[in-house]
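# Descriptive structure summary
For reference, the chains in residue letters:
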Amino acid sequence: QVQLVESGGGLVQAGGSLRLSCAASGRTASWYAWFRQAPGKEREFVAAISWSGFTTYHADSVKGRFTISRDNAKNTVYLQMNSLKPEDTAVYYCAAKVGNYYSDSARAYDYWGQGTQVTVSS
């Protein structure tokens, strides 16, 4: 079992920044990722990072603005979000995948946090 607890969401103006945190406990997963879901839309991949932290992937929609990272000592995964846009408004979820292979599909992830709301005002 992997337990994931997100924090750091909130309300920010367009162009602003937020940093989301995901504290993990329990067994070690191979991949950690951030997904987001806006009202009426499907859950969307944002970024993923390997357990080692050496390999990362970012969705095209956030490349150059968002950065995923992890602190192994704290067992925490971060999502630094800069230059936020109103279309980034969503509930952001942290997820963990036990299997070794990378995936950007929500179906491939085994464990999920409760989500944290990010609202970007124009």
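Our structure's up above, just so we're on the same page.
Right, let's get into the overall build of the protein chain. Scanning the protein chain for helices and strands turns up zero helices and 11 strands. Traced from its N-terminal end to its C-terminal end, the protein chain shows the element sequence β-β-β-β-β-β-β-β-β-β-β. The globule rule puts the C-alpha radius of gyration for 122 residues at 14 Å, and the 13 Å found for the protein chain is close to it. The principal-axis extent of the C-alpha atoms belonging to the protein chain is close to 40 × 30 × 25 Å. Expressed as a percentage of the 122 residues in the protein chain, the buried residues total 43%. In the protein chain, 56% of the contacts between residues at least 6 apart in sequence involve partners at least 24 apart. The distance from the centre of the 12 positive side-chain charges to the centre of the 9 negative ones in the protein chain is 3 Å.

Right, let's talk about the sheet that holds strand β7 (residues 66-71) for a bit. Read from one edge to the other, the open sheet built from four strands follows the order β1-β3-β8-β7, with strand pairing classed as antiparallel. The sheet terminates laterally at β1 (2-7) and β7, the two strands that pair on one side only. If you compare each strand with its neighbour and ignore which way they point, the axes differ by 20 degrees on average.

Moving on, we get to unusual backbone geometry. Of note, the phi angle at N75 is positive, near 50 degrees, even though the residue is not glycine. When you line up the elements, N75 lands in the loop between β7 and β8 (76-81). Judged by its relative accessible area of 27%, N75 is partly exposed. Even without being glycine, S83 reaches a positive phi, approximately 50 degrees. Mapped onto the fold, S83 is located in the loop between β8 and β9 (90-97). The class of S83 is partly exposed, set by a relative accessible area of 40%.

What follows deals with the nonpolar core. Within the largest apolar cluster, 35 residues are counted, with the highest numbers of intra-cluster contacts made by L4, W34, L79, M81 and Y92. For this core, the secondary structure elements donating two or more residues are β1, β3 (18-26), β4 (31-37), β5 (44-50), β7, β8, β9 and β11 (116-121). Those residues in contact with M81 that sit more than four places away from it in its chain are G16, S17, L18, L20, R65, F66, Y92 and V118.

Reading the values: the criteria
- Residues numbered from 1 in each chain as written.
- Predicted model: local features only at pLDDT ≥ 70, side-chain atom pairs only at ≥ 80, totals over all residues.
- Heavy atoms only, no water.
- Helix = DSSP H or I, 4+ residues; strand = E, 2+ residues; numbered from the N terminus.
- Rg over C-alpha atoms; globule rule 2.2 N^0.38 Å.
- Buried < 20%, exposed > 50% of the residue type's maximum accessible area, 1.4 Å probe, protein only.
- Contact = heavy atoms within 4.5 Å.
- Lys, Arg positive; Asp, Glu negative; His and termini not counted.
- Charge placed at Lys NZ, Arg CZ, Asp CG, Glu CD.
- Pairing = 2+ DSSP bridges.
- Axes fitted to C-alpha atoms, helices over the stretch in contact; angles between N-to-C directions.
- Core = buried A, V, L, I, M, F, W, Y, C linked by side-chain atoms within 4.5 Å.

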